[in-house]
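Coordinates in review
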Amino acid sequence: MTNATDKQPTLSHLNQQGEANMVDVTDKAMTSRTATAQGFIKMNRATFELITTGKHKKGDVFAVARIAGIQAAKKCSDLIPLCHPLMLSKVQVDFTLDSENSQVQVTSLCRLTGQTGVEMEALTAVSIACLTLFDMCKAADPAMMIHGIEVLTKTGGKSGHWQSPSN
């Protein structure tokens, strides 16, 4: 397992002149690649109870947020200019309820066989799922806080397996 601190960092999206540049993945091997990410949305107790008991007037907020997260992962290259358009073979968005802290943990998994990683897609899925929960609940709780968005793991490619130190 490699750690991000093991190597000298480089900025692959800059050319020799320091200009924005899409990375050329033509010569990279096709490998199975997976990334997982997480994020959290914290809310007041009343809002948490509203969405976890299914009593929100907008319906199943988790179903809508799941679909939004999946759709966002598929649209990642339209949102982030230098991301490659990818043929994702799997996108999964899940929710873990943390009643003690009145928050929802959102996790995503993205997978493909390809020439570039899927970390941005996993992060985008989590971000948009959290934003969708915020959008659907903001009338009840405008002070919700989205936090802790990060890549948890990545596998595949030349660098192999990587895991967040916080995971």
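Predicted, not measured: the structure shown is a model, and the values here were computed from it.

Criteria and thresholds
Residues numbered from 1 in each chain as written. Predicted model: local features only at pLDDT ≥ 70, side-chain atom pairs only at ≥ 80, totals over all residues. Heavy atoms only, no water. Helix = DSSP H or I, 4+ residues; strand = E, 2+ residues; numbered from the N terminus. Buried < 20%, exposed > 50% of the residue type's maximum accessible area, 1.4 Å probe, protein only. Contact = heavy atoms within 4.5 Å. Lys, Arg positive; Asp, Glu negative; His and termini not counted. Charge placed at Lys NZ, Arg CZ, Asp CG, Glu CD. Core = buried A, V, L, I, M, F, W, Y, C linked by side-chain atoms within 4.5 Å. Pairing = 2+ DSSP bridges. UniProt positions renumbered as here; feature names shortened; annotations may be inferred.

In this section: the overall build of the chain. When helices and strands are counted, the chain shows 4 helices and 5 strands. If you list the helices and strands of the chain from N to C, you get β-α-α-α-β-β-α-β-β. For the C-alpha atoms alone, the extent of the chain along its principal axes is close to 50 × 30 × 30 Å. Across the 167 residues in the chain, those meeting the buried criterion constitute 37%. Across the chain, the fraction of contacts at a sequence separation of at least 24, relative to all contacts at a separation of at least 6, is 70%. Taking the average location of the 16 positive side-chain charges in the chain and that of its 15 negative ones, the two points are 5 Å from each other.

In terms of nonpolar packing, the biggest core is built from 31 residues, with Phe 95, Val 104, Val 106 and Leu 133 touching the most fellow members. Counting only elements with at least two residues in this core, the list comes to β1 (31-42), α1 (45-52), α2 (61-74), β2 (90-98), β3 (103-114) and α4 (119-137). Setting aside chain neighbours within four positions, we find Phe 95 in contact with Phe 62, Ala 65, Arg 66, Val 104, Gln 105, Val 106, Ala 129 and Leu 133.

What follows covers the pairing of β1. Extensive coverage of β1 is indicated by the burial of 9 of its 12 residues. In this structure, β1 lies alongside β3, joined through 12 bridges in antiparallel fashion. Following the sheet pairing, Gln 38 is matched in β3 by Thr 107. Of the strand pairs in this sheet, β1 and strand β4 (residues 145-155) are connected by 8 bridges, and their pairing is antiparallel. When the sheet's bridge partners are listed, Phe 40 is paired in β4 with His 147.

Within the chain, Ser 102 stands out as a residue other than glycine whose phi angle is a positive 50°. Residue Ser 102 is classed as buried on the basis of its relative accessible area, which comes to 6%.

What follows deals with the UniProt feature "binding site: substrate" (unreviewed entry) in the chain. The feature "binding site: substrate" (unreviewed entry), as given by UniProt, occupies Leu 82, Cys 83, His 84, Met 120 and Glu 121 in the numbering adopted here. For the annotated residues, spread through 40 residues, the largest C-alpha to C-alpha distance comes to 12.5 Å, consistent with a single compact locus. Turning to its location among the elements, Leu 82 is positioned in the loop between α3 (76-79) and β2. Non-local contacts of His 84, meaning those with residues more than four positions away in its chain, are made with Met 22, Val 23, Val 25, Ser 77, Thr 116 and Glu 121.

So, about the pairing of β4. Direction of pairing for β4 relative to strand β5 (residues 162-163): antiparallel, over a ladder of 2 bridges. The residue bridging Thr 153 from the neighbouring strand is Gln 163, located in β5. Counted between consecutive antiparallel strands, the loop separating β4 from β5 contains 6 residues, among which Gly 156 sits at a positive phi close to 100°.

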